[in-house]
Structures are given as structure tokens and as C-alpha cells.
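Letter by letter, the chains look like this.
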Amino acid sequence: MSKRYTITAALPYTNGPIHIGHLAGVYVPADIYARYMRLTGNDVAFICGSDEHGVPITIKAKKEGVTPQDIVDKYHAIIKQSFEDFGITFDNYSRTSAKIHHDTAQEFFKTLYDKNEFVEEVTEQLYDAEANQFLADRFVTGTCPKCGNEEAYGDQCENCGTSLNATDLINPKSAITGNVPTLKETKHWFLPLNKHEAFLREWILKGHKKDWKPNVYGQVKSWVDDGLRPRAVTRDLDWGIPVPVEGGEGKVLYVWFDAPIGYISSTKEWAAREGKNWEDYWKDDNTKLVHFIGKDNIVFHCIIFPSMLKAEGSYILPDNVPANEFLNLEGKKLSTSKNWAVWLPEYLIDFPNQQDVLRYALTANAPESKDNDFTWKDFQARNNNELVAIFGNFINRVVVLTNKYYEGVIPEPSEYSTIDEETLAAVKAYPAVISSSIERYRFREASQELMNLARLGNKYLADEEPWKTIKTDEARTKTVMFVALQIASALAVLSEPFLPFTSNKLKSILCHSELDSESQWDDISIKDILIPANHKINKGELLFSKIEDKTIEAQLEKLEASKKANEAANKVTEPQKEEITFEDFTKLDLRVGTILEAEKMPKTKKLLVLKVDTGIDTRTIVSGIAESFKPEDVVGRRVTVLVNLAPRALRGVESQGMILMTEDEGGNLVFVNPDTQNVSNGLQIS
Ligand SMILES: [Zn+2]
């Protein structure tokens, strides 16, 4: 039965282009889902837009000496183009700087304000006196109180996913000046999440225990169990949507308050254009609302936005939030700032017209239940071993042989063999199998089932060998080719959500548009004949082509170059210390020594307890090198020892001196020692 679906994909943040991580985590699965829902006859609004407010955009604008508007205009255009290039079929792609969005977000705020759903409070917030600015969100970094990550932001720790208030950070530091902030009073409006705890428990923890993904459910449960606190939904900033109530002058809505409302305003924009009623898509209980997001957005889509919708009172709540985990690239976290990414515009330059290859590789290896790794080798293997060798090979043989034997006209079959009947029955089962995977948000599994259908076709041809029977049994050959063409036709329809460009090409090769009735998703399991005898098809074109090793090596070299550039950029040479006199230097008594024994200091990670022959004596030195060296690796090492350093106790062991070390490029410790073995212990270094 046909249903109405409002499908949203996370609004991309407009401070850079998008990369494969975004595509794999959000936009490809959302597009597969939306295309599938349309193909199966549902009423779909697939909604997205650019998220153009918030602190990182203002920081980037400052850095580049342009306005925030310049930044968002630039990246909105680039991002929108990438989505079109990769066949992401949004019904509407808006932007949060649009007037309709400002109006919608302000109206939403005003409604909650009038209903007394906010707590208004003057609190002390972090303030950077030098920059003359309050510090929230990404304007401030510090240590996460939950996991100890030293680079947590004022709104969230990216390491453990915890949502934070700026004042929660330990050792906060201004991202503008690097100063330690002071506290200053300011008034803000808070959404009392604690007030919504009972509702969230009932709705998610009880109501969605079975149908939400375990990674999403688990995160929500841990936050709710930790206790929810009021969250400020306004900010002291000049970039964003002005707070529309008295006392709101100079303040804007918190970007995470306005961004999800962007789904609503984008739907309104679309409905106005298409002559629809937007409220059907947001306020009707028969509509299914599904948010596609990455795991870093779970708290906003499962706790904050639903609490806002609930407080407003007239909206439906999401039916599911199938958040994905993160995609890594060649074993390392994708990073915009470190340029450790595959950017979509660049991909299309290096792999023109191969959008489907990336869509397929990302889907087949999607980070659905845990973080996953994109490697260029896997990408090559997915293309060469699956798309080329199975899907492409099957279609190519069917099309070439039909043209060769029958001048492109589909032959009349005679009686089916058991194999033919079994094969056609197997084809009929695929729509339900793939549907079941998609409806449970298992897109990897769904893409593999599609490939299994191509495998079935390949095997059928290999077993029935029409290229042999053509010499001996004309009637049998016609039947085999007829059956193979039915499989090809089913593939043309069922591949659309996953490989939309390929599906179009294949439909055009098979002249689907000239059929009396073009088959839809469900027809594959109902109709006995998908493409009839005497229908003429076109000459073929290769759907996929092999990707050579040298192409993959070029991509790996590109990444290697990024890695080197990062290392060079991160290399900090400490400035020279204050000048000292020769007398100062002569106070240091440096000697050549040899490590005689070494053992780990119990219950520590870093410390080794060493026995060192200094030429003067054999003494104990505690050294923080255990993370770089095992005890057995250092015994016998020649070392340079500062012998007249005042002894000090480390974990109850007295350390009598210090061993000189430096670090290599990778941050590993290296001994500083004489460059020949021909020096005796105890010799002075001067
Ligand atoms: Zn953390």
C-alpha cells in the first residue's frame, strides 16, 4: 500500500566541499531509500539543503578575510553541484540563509517561547576579552570531561560523541586568540531537555527498541541514562538567525536549533513550487519521517530536535533515524583540515562518468554498524571483480549475442526447461529480498543481493552456453537468449536505486521506454514476461571498464603527498631558548655510558628503570621511554647521561641522572649517543 514519506538527509555544513565519507554515511543510503520508495509507488519528499550558520563558517571567513556570506555562497554552489553529479535525487535542496528558513525558524522559536517551553537564564559564559566575544561551540576547545580528549569543542566532543556546554570543558582555550577565557554574564534561552526525559524514554527506549539500529539506540540510551540537562538554544554571535523576542538583540539562534528546522522550511519551499501542502509531510500521522545522518548527529536528531517538535506540539516525530558510523580512508580518520579525503569534484576529474562505481563501492562497504575503511584497492576490486566481471559481463554477452544472432530483435522462446523455470522463478524472488534489506536500512546487504541477481544471469549463460547451441539447436538458443533478456530487464529496474546511471544506460540499450508498459519494481515478481519477443533492442555499450593498477597507484600517491604535506605543516621547530654563558654550560656534567639492565616500572606505561654504567659508577636512572622501547631492546645501548642532575624519586624509585633523547619525524624517541662505539664509559662531553 502506498504511503507518504518525508526523507531527510543531514544538511551539509557549507565550510568546504563534500567527500566520500559524507556520501557513504548519509547521501547514498538516503538516495537509495528515496529512489526505492518512489519506485514502489510511494509519495516521497526527499529533502535537504545547505547548513549555513554557526561558528566554523565565521572562523573560516575571518581566516580568509572574506564575509561569512562569501563562504556559504561558494560552498553551497559546489556542494549542490556534487549532489547533482552523483545522482542524489533531492526533491528540494534549499539553504538555511533563505528567507523562508529564517521566517520558519523564528516562528518555531516564537511558538516555543509563547508556550513557555524555554527557561530564560542569565549565566556566566566563557568570554574572550581580547576578541571582545563570547565563546561557545567551536570558538572554544578544551578537555572533554567525559573521555579526556584534549581537543573537544564547546558544543561536542568528537572523540566520544558527548554533547557539551562550553563551560563543561576542562582547561578551555579560545579558538580565536588562544587565550584562556574569563567568565562573563549574559542572558540566554535554554531548552530544558530534562523536562522531556520521560517522553524520550517512552518514545525511543521503549517504543523503538526493536526497529532502531543498535548503534543509534545505544547512544541515545547512554545519554538519557546519564541525565539530560537544559541546552542553550541562543548564542551571542552576529552570524545566524536573530532571536525574535524582547531581549534577543545581538543574539542569534544556536545553529543546531535552526538547522533541523531547515528540513521543514525546505519542504515548504518545495511544496509551494509543486502545489502541495507541506503540512501533509510534517503533521500527518500517516507520514513516515526518516532522518539519514552520520553518528555525530545522533544527539541532535534523536534528543534535541524531537524534544523541540514535541514541545511545539503539532509535528510528527521521526519513525527512524538510521545513522551510520564513520568511514575511514586507508586506515585513517577522514579529515577536511588535513586534506585526508577523496573529494567528490576531484573524483569526477580522475574517474569521469564513473559515479556508479563510487556509489557501489561505498554501499557495498558502508559503515552501517561499525566504522569502516575505504581503500582504493577495495574500490578497484569492487569495480573489476563485481561491476565489470559479473554485472557488466552478463549484460554485455546478452546484448552482443542478441545483436549478433537476431539483429537485436528478441527471439520467440519455445518450451522452457526446468533450469529455465527455476531461473525465472528465482528472478521473481529478488524484489522482495532487496526490498526487505532496504526497508531495514541494510543497504550493503541490498547491494549484494542485486549483484547476486547478476551472478544468477552470468551462471545461467555459462551453463546453457548459447554460443555453442547456436551451431546445433536454434530453438534452444532462442529460448536461452529470451530468458537471459528477462534477467537483464529485471536488472535494469532493480539496479536503479544503487546504480542509477547504469540503470538508465541499460534501459536505453534495452529500449525500455518503447515497451507497452515499462516494468516497475513490483512487476518483476508478478509479470511472466518483462521484455517480449519481437521487441528490438539497441547495440550495446560497455557499462563498466576495468580500473588498472596504475590508476589506483596514482590515487595512493596523491594521498601519500597529502600525508607528507601534513607532516611538514605540523613540524614545529621550538624557538631558541634564552642565551646562557659558557660557565652555565660547564655546569652540565655529560658522560658517555652504557645501559646494563632495564625493566618496566610496574603499573606504568611510560617508565623504564635502567641500570647505567656511567664510568663513574653504576646507577639507577628512571626514563620515560617505555612506549618507544622494550627493556630487552635497550640493554647494551650506548647513551649520553647527564650525571649531575639532582636525584629525584619517581614512583618510589630514586632516579640519579638523565639520558639524552630526541624524537624522529614520526614522534618516536631516539637516543642521542656518540657516533662511534670507540669511546669508553665515563668520558666527558664538552
Ligand atoms: Zn569525549
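Residues numbered from 1 in each chain as written. Predicted model: local features only at pLDDT ≥ 70, side-chain atom pairs only at ≥ 80, totals over all residues. Heavy atoms only, no water.

Concerning the overall build of the chain
Item 1. Broken down by element type, the chain carries 20 helices and 26 strands.
Item 2. Across the 686 residues in the chain, those meeting the buried criterion constitute 53%.
Item 3. For the chain, restricting intrachain contacts to residue pairs at least 6 apart in sequence, the fraction spanning at least 24 positions comes to 74%.
Item 4. Counting every atom, the chain has about 31,400 Å² of accessible surface; 48% of that belongs to carbon and sulfur.
Item 5. In the chain, 80 positive and 101 negative side-chain charges are present, and the distance between their average locations comes to 3 Å. (Helix = DSSP H or I, 4+ residues; strand = E, 2+ residues; numbered from the N terminus. Buried < 20%, exposed > 50% of the residue type's maximum accessible area, 1.4 Å probe, protein only. Contact = heavy atoms within 4.5 Å. Areas by Shrake-Rupley, 256 points an atom, 1.4 Å probe, with all protein chains shown as cover. Lys, Arg positive; Asp, Glu negative; His and termini not counted. Charge placed at Lys NZ, Arg CZ, Asp CG, Glu CD.)

Observations concerning the coordination of the zinc ion
Item 1. In the first shell of the zinc ion, the protein supplies Cys144 (SG), Cys147 (SG), Cys157 (SG) and Cys160 (SG), at 2.3 Å from the metal.
Item 2. Geometry at the zinc ion is tetrahedral, judged from its four donor atoms and the angles of 106 to 113° they form at the metal.
Item 3. Mapped onto the polypeptide sequence, the residues donating to the zinc ion form the spacing pattern C-x2-C-x9-C-x2-C. Of this pair, Cys144 sits in the loop between strand S6 (137-143) and strand S7 (152-154) while Cys157 is found in the loop between S7 and strand S8 (170-174), placing the two residues 13 residues apart along the sequence. We note that Cys144, like Cys157, is buried. (Donors = N, O, S within 2.8 Å, 3.2 Å for Na, K, Ca; no water. Tetrahedral: all angles 85-135°; square planar, octahedral: opposite > 155°, others 65-115°.)

So, the environment of Lys184
Item 1. With respect to the helices, strands and loops of the structure, Lys184 is situated in strand S9 (residues 182-191).
Item 2. The spacing of Lys184 and Phe134 is 50 residues in sequence and 8.1 Å in space, taken between C-alpha atoms.
Item 3. In this structure Lys184 touches Thr123, Glu124, Gln125, Tyr127 and Phe134, once residues within four positions along its chain are discounted.

Things to note about the environment of His301
Item 1. Structurally, the position occupied by His301 is in helix H8 (residues 298-312).
Item 2. With 22 residues separating them along the chain, His301 and Ala323 place their C-alpha atoms 9.5 Å apart.
Item 3. Apart from the residues lying within four places of it in its own chain, the contact partners of His301 are Trp256, Tyr263, His291, Ile293, Pro306, Pro318 and Val321.

Observations regarding helix H11 (residues 376-406)
Item 1. The largest bend in H11 is about 40°, located at Gly392.
Item 2. Looking one or two residues past H11, Glu407 carries a phi angle of roughly 50°, positive in sign. (Bend = angle between axes of the 7 residues up to and from the residue.)

Quick look at the sheet that holds strand S15 (residues 332-333)
Item 1. Pairing in this open sheet of three strands is mixed, and the strands run S15-S14-S16 from one edge to the other. Only two strands of the sheet have a single partner each, and these edge strands are S15 and strand S16 (372-374). (Pairing = 2+ DSSP bridges.)

Points about the pairing of strand S17 (residues 590-600)
Successive residues of a regular strand alternate their side chains across the two faces of the sheet.
Item 1. Pairing between S17 and strand S20 (residues 638-642): five bridges, direction antiparallel. Bridged to Arg591 within S20 is Val641.
Item 2. Where S17 lies against strand S26 (residues 684-685), two bridges are found, and the strand directions are antiparallel. What sits directly across from Arg591, in S26, is Gln684.
Item 3. As defined by bridge partners, S17 adjoins strand S18 (residues 608-613) across six bridges and the pair is classed as antiparallel. Each bridged residue has a counterpart across the sheet, and for Ile595 the counterpart in S18 is Val612.

So far we have only geometry, and geometry alone does not tell us how the molecule works.
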